[in-house]
Amino acid sequence: MAPAHEEGFSLPSPPALAPPSLTVKGWSADAFATLFEALPSEVAEVARVLAAHQIAAAASFQDLLCLDSLAGVERHAYQIETVRRVLRVLRGRGLLADEVGLGKTIEGIMVLREYQLRGMARRTLVLVPPSLVGQWMGELAAKAGVRAISTDDAQLRLRPDDLWDHEGVIVASLALARGATHAAAIQARSWDLVMVDEAHRIKNRTTLGWKLLNGIRSRFLLLLTATPVETDLEELYNLVTLLKPGQFPTPAAFRKEFIDPKEPTSPRNRDRLRALLGEVMVRNTRATCGLKLPPRFVTTVVVDPLPKEDALYQSVLALLRTHAEDGGARRAAATLLLEAGSSPDALRATLGVMAEGNKHSPAFQADVAAIMGLAASVPSTKKVQVLLRFVRQGPDKVLVFSRYRRTLEHLSAALAAEGVSHVTFHGGLDRAEKLAAIDAFRADAQVMIATDVGSEGHNLHFCHQLVNFDLPWNPMVIEQRIGRLHRFGQEHEVVVQNLCARGTVEERILELLDKRIHLFELVVGEMDMVLGNLTDDRDFDERIVDIVATARSEDEVGRGFDTLAAELLKARGQYERARALDQALFERDFET
């Protein structure tokens with residue numbers, strides 16, 4: 001990005017906003033012409049009349065302008081009606097509490113885009129958990145063509161005036177925004193629209209997150225959460241007070257009117273509470289939307305590696321542990337270990353780059369050179385043989401995911417050698433090439449091999465067989481891959497095969513997620529809710545690296561995974577209790 005001046009940098013321009021529609025019932029082009037002829041010298045009066053009709057058109061919101069501006073979005077009637085309700089009834093201040101997996105993010109983006117196109121949202125702030133900043137940036141760009149800026153940019157974080165003064169869309173980490181450095185700056189500025197994803201994280205009014213929102217000046221405010229109440233009915237008071245101060249009286253009066261001390265999660269005056277909530281809340285459920293998902297079956301296939309494969313993997317693992325105290329070397333070695341779990345081709349490519357560089361210590365460079373020699377003697381892996389056997393079993397289409405382009409190239413060569421029709425899909429393709437690859441997969445190709453870019457914004461539910469050739473260490477990336485097939489519109493049972501080599505980190509992760517916690521049994525989107533309940537704010541893959549890098553033995557690695565399993569079980573129980581409570585409280589009356 002070219003600098004705007006010597007010590008600064010440029011910001012992306014705000015999105016171009018189309019003027020409000022001037023198509024008003026009863027007003028033709030001739031009528032406007034007559035108006036101009038009647039008032040040739042009263043330009044200001046004409047402008048006022050036109051502005052009045054613009055406002056009238058904007059206020060109706062019957063015909064949504066945003067629909068034609070979206071790409072790759074399935075148009076569900078309940079989402080369109082939700083957006084209309086938010087715009088027309090809730091006046092842009094609402095709690096979107098759809099069940100997990102129904103697309104609250106899409107509804108929020110539709111509201112944002114509608115306000116943009118009508119010239120009503122030039123400054124928008126989207127507050128999300130740190131782990132979702134990148135996902136929101138990708139969704140805004142892919143689905144709405146909105147080029148946002150984010151707090152992931154370290155330079156912007158160092159220059160808060162350049163960040164918070166931006167006219168356009170800012171996607172901000174809630175953890176960063178609520179800190180003293182940024183909260184005052186955010187509250188000192190006016191915003192047209194503020195959206196908060198995973199809004200249950202600000203349900204406690206004693207927290208910095210709630211206080212940040214309570215002090216923000218914004219015309220429109222959307223809170224997105226599938227679990228508005230997790231432990232205490234007073235959480236409702238806290239969220240609703242942000243949206244509509246005074247909707248409920250004081251906390252004490254709310255408790256007196258609606259909370260039974262003997263049964264604090266079963267409200268008094270339930271009908272009265274529902275009526276008040278109905279003025280600020282929309283909640284759609286799968287049952288009321290008539291949307292059903294077919295079952296999915298997830299299987300872990302553990303492959304015994306060849307001796308040279310295993311030796312190569314263990315050498316990279318030793319590299320990570322030897323240099324764990326050096327932050328840069330640790331990150332580099334963790335990347336190599338992920339690649340070693342994918343293919344020798346992916347590993348060799350990065351080893352070559354590292355060997356030519358001088359970013360690390362001489363000892364690290366020497367270890368890299370030794371591993372390069374070993375990697376040269378491993379042409380392929382047993383997992384490739386297992387994949388080919390799976391593909392040969394039948395004519396069904398198969399979607400194969402890998403993190404790395406080099407692995408894709410290796411798999412493509414193996415499939416070609418077997419005469420298997422296939423296409424590749426990765427970030428190096430332009431839009432036309434990506435669409436052509438999907439069309440070819442839909443038509444004649446039996447297999448599509450894709451990097452994780454294939455799990456973003458593309459609906460592939462004409463296929464129902466998926467193979468994870470390698471495993472990301474972040475469960476949400478695995479879930480996003482599965483979500484390309486296991487989604488509304490899928491008519492068949494979805495079969496997922498997770499491949500991993502015995503004795504690898506990937507085997508431990510799958511044993512944890514599948515056999516011990518059964519996370520793959522959850523509905524699409526619920527895994528994110530469970531992971532969001534973990535008390536450790538670090539990303540899941542960072543915790544995995546920490547366990548593996550610092551362990552002195554495999555037994556110690558096992559104990560680290562046992563601790564993580566206990567936390568996940570607790571987090572899943574917390575989510576399931578919250579889900580049951582919300583279903584009991586909001587099972588009816590709030591759908592569109």
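Notes on the structure in this doc start here. Note that the structure is a prediction, hence the values are computed from the model and not measured.

**What about the nonpolar core?**
Inference 1: If you look at the biggest cluster of nonpolar residues, it comprises 79 residues, and the most contacted ones within it are Leu337, Leu399, Phe540, Ile544 and Leu568.
Inference 2: Top contributing element to this core by residue count: helix α16 (residues 327–340), with 8 residues.
Inference 3: Aside from chain neighbours lying at most four places away, what touches Leu568 is Leu512, Leu513, Ile517, Val530, Leu531, Leu534 and Phe540.
Inference 4: Within the second largest apolar cluster, 46 residues are counted, among which are Leu163, Ala199, Ile259 and Leu276.

**Quick look at the sheet that holds strand β5 (residues 190–197)**
Inference 1: If you walk across this open sheet you meet the 7 strands as β3-β4-β2-β5-β6-β1-β7, and the pairing is parallel. Pairing within the sheet leaves two strands with one partner each, and these edge strands are β3 (149–150) and β7 (281–282).
Inference 2: As defined by bridge partners, strand β2 (residues 124–128) adjoins strand β4 (residues 169–173) across 5 bridges and the pair is classed as parallel. Its bridge partner being in β4, Leu125 is matched across the sheet by Ile170.
Inference 3: Packed on one face of the sheet, helix α4 (residues 104–117) meets β1 (93–96), β2, β4, β5 and β6 (217–224) and runs near 160 degrees to β6.
Inference 4: Along the sheet face, helix α5 (residues 133–144) touches β2, β3, β4, β5 and β6 and points at about 160 degrees away from the line of β4.

**Quick notes on the environment of Leu519**
Inference 1: Mapping Leu519 onto the fold places it in the loop between α23 (505–516) and α24 (526–532).
Inference 2: Its relative accessible area of 0% is what places Leu519 among the buried residues.
Inference 3: As a C-alpha pair, Leu519 and Glu479 span 40 residues in sequence and 9.7 Å in three-dimensional space.
Inference 4: Non-local contacts of Leu519, meaning those with residues more than four positions away in its chain, are made with Arg296, Leu513, Met527, Val530 and Arg572.

**Here's the deal with the pairing of β2**
Inference 1: Burial analysis of β2 places 5 of its 5 residues in the buried class, which makes it a mostly covered element.
Inference 2: Alternating positions in β2 separate into two faces, Thr124, Val126 and Val128 on one and Leu125 and Leu127 on the other, with burial throughout.
Inference 3: As paired elements, β2 and β5 share 4 bridges and run parallel to each other. Residue pairing for β5: Leu127 is matched across the bridge by Val196.

**A few points about the sheet that holds strand β12 (residues 465–468)**
Inference 1: Spatially, β8-β13-β12-β9-β11-β10 is the arrangement adopted by the 6 strands of the open sheet, whose pairing is parallel. Looking along the sheet, the strands with just one partner apiece sit at the ends: β8 (296–303) and β10 (422–425). Looking at each pair of strands side by side, their axes are set apart by 20 degrees on average, direction ignored.
Inference 2: In this sheet, strand β13 (residues 494–501) lies alongside β8 in parallel orientation, the contact comprising 8 bridges. Each residue of the ladder has a partner; that of Val303, found in β13, is Ala501.
Inference 3: Set on the sheet, helix α20 (residues 405–417) makes contact with β9 (398–401), β10 and β11 (447–450); between it and β11 the angle comes to about 160 degrees.
Inference 4: Contacts from helix α21 (residues 431–443) reach β9, β10 and β11 within the one sheet, and its direction differs from that of β10 by about 150 degrees.

**As for unusual backbone geometry**
Inference 1: Phi is positive for Arg91, close to 55 degrees, though the residue is something other than glycine.
Inference 2: Residue position: Arg91 is located in the loop between α3 (77–88) and β1.
Inference 3: Residue Arg91 is classed as exposed on the basis of its relative accessible area, which comes to 57%.
Inference 4: One non-glycine residue, His518, lies in the positive phi region at around 55 degrees.
Inference 5: For His518, the position within the fold is in the loop between α23 and α24.
Inference 6: Taking relative accessible area as the criterion, His518 reaches 33% and is therefore assigned partly exposed.

**Brief notes about the environment of Arg286**
Inference 1: Note that Arg286 resides in helix α14 (residues 286–289).
Inference 2: The spacing of Arg286 and Val100 is 186 residues in sequence and 8.9 Å in space, taken between C-alpha atoms.
Inference 3: Beyond its immediate chain neighbours, meaning those up to four positions away, Arg286 contacts Glu99, Val100, Leu102, Leu291, Phe488 and Val523.

**Quick look at the packing of α4 against α5**
Inference 1: Interhelical geometry of α4 versus α5 gives an angle of 60 degrees and a closest axis separation of 11 Å. Compared by their axis directions, α4 and α5 come out oblique. Note on packing geometry: the crossing formed by α4 with α5 is right-handed. Each of Thr105, Ile106, Ile109, Leu112 and Arg113 in α4 lies in contact with α5, whose residues at this interface are Trp136, Glu139, Leu140, Lys143 and Ala144.
Inference 2: Class assignment for the residues of the contact of α4 with α5 results in 6 nonpolar, 1 polar and 3 charged.

Calculation criteria
- Within each chain, residues carry numbers counting from 1 in the order of the written sequence.
- Given that the model is predicted, a residue must reach a pLDDT of at least 70 before its local features are reported, and side-chain atom pairs must reach 80 or more before they are shown or counted; all residues, however, enter totals for whole chains, interfaces and linings.
- Side-chain figures throughout are based on the complete set of non-hydrogen atoms in the structure, without hydrogens or water.
- Only buried residues count toward a nonpolar core. Its members are Ala, Val, Leu, Ile, Met, Phe, Trp, Tyr and Cys residues joined through side-chain atoms within 4.5 Å.
- Burial here depends on accessible area, computed with a 1.4 Å probe over protein chains only, as a share of the maximum for the residue type. Under 20% is buried, over 50% is exposed, and the range in between is partly exposed.
- By definition, any uninterrupted DSSP run of H or I lasting at least four residues is a helix, any uninterrupted run of E lasting at least two residues is a strand, and each is numbered from the N terminus.
- In this analysis, two residues are considered to be in contact whenever any of their non-hydrogen atoms come within 4.5 Å of each other.
- At least two bridges found by DSSP between two strands is the condition for calling them paired.
- Note on geometry: axes are lines fitted to C-alpha atoms, helical ones only across the stretch in contact, with angles between N-to-C directions running from 0 to 180 degrees.
- The scheme is simple: roughly parallel for angles under 35 degrees, roughly antiparallel for over 145, roughly perpendicular for 65 to 115, oblique for anything else.
- The sense of a crossing depends on the near helix, which, turned anticlockwise from the far helix by less than a right angle, makes the crossing left-handed and, turned clockwise, makes it right-handed.
- The nonpolar class holds Ala, Val, Leu, Ile, Met, Phe, Trp, Tyr, Cys and Pro. Asp, Glu, Lys and Arg form the charged class, and all remaining residues, Gly among them, are polar.

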